Amino acid sequence: MSDSVLDLGTKKQRRTLDKVGGVSTVVGAGAIFTGHFKGTENYVIYGTIVGECDLDGTVVIEEGGVWRGNITALNVVIAGEVYGDVVGHKKIELAQTARIVGTITGPTLAIAEGAVIEGSIKMTSGATPVRFVDRRTE
């Protein structure tokens, strides 16, 4: 796993993931899941999801991962692709490889240089999105 969030011991993690206590559900590369997801844990997606979610945890769409549907979660980290609306109740972070087609809504948004958003951004806190260049290395 080249840029894996699961290797918590040696690699630097994305900023939001630095605070995630553990991963409870992983959808592996090549896997396709369809349906509505509800829960309170953290989810890491390497494969494809077709559906909606309402989660009280962190959702991570890894590079190569695809979500087709709306996402609502406490925190959302996107390095892959999302085709649907994204709502983060606390924070949304877009890596440089992120591609979102839909509306992004949340109080805090961090966007890495290179991320692509085809849609709109709604900041519920009145703040402006934070733009950054991800200088972390493996």
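**Brief notes about the pattern of salt bridges**
Inference 1: This structure, assessed with the given rule, holds 2 salt bridges.
Inference 2: E93 is paired through a salt bridge with K91; the nearest N and O atoms lie 3.9 Å apart.
Inference 3: On the basis of relative accessible area, E93 is assigned to the buried category, the value being 2%.
Inference 4: A salt bridge links R99 to E118; the nearest nitrogen and oxygen atoms lie 2.6 Å apart. Of this pair, R99 sits in strand 9 (residues 99-101) while E118 sits in strand 12 (residues 116-118), and the two are 19 residues apart along the sequence.

**Quick look at the nonpolar core**
Inference 1: Within the largest apolar cluster, 24 residues are counted, with the highest numbers of intra-cluster contacts made by I61, W67, I78, V82 and L94.
Inference 2: Secondary-structure elements contributing two or more residues to this core are strand 3 (43-45), strand 4 (48-61), strand 6 (71-78), strand 8 (86-94) and strand 11 (109-112).
Inference 3: Sort the elements by how many residues they give to this core and strand 4 lands first, with 5 residues.

**A word on the side chain of T105**
Inference 1: Tracing the chain through its elements places T105 in strand 10 (residues 104-106).
Inference 2: A relative accessible area of 18% places T105 in the buried class.
Inference 3: Excluding residues that lie within four positions of it along the chain, T105 makes contacts with V86, V87, G88, I92, K122 and T124.

About the thresholds
Residues numbered from 1 in each chain as written. Predicted model: local features only at pLDDT ≥ 70, side-chain atom pairs only at ≥ 80, totals over all residues. Heavy atoms only, no water. Salt bridge = Lys/Arg side-chain N within 4 Å of Asp/Glu carboxyl O. Buried < 20%, exposed > 50% of the residue type's maximum accessible area, 1.4 Å probe, protein only. Helix = DSSP H or I, 4+ residues; strand = E, 2+ residues; numbered from the N terminus. Core = buried A, V, L, I, M, F, W, Y, C linked by side-chain atoms within 4.5 Å. Contact = heavy atoms within 4.5 Å.

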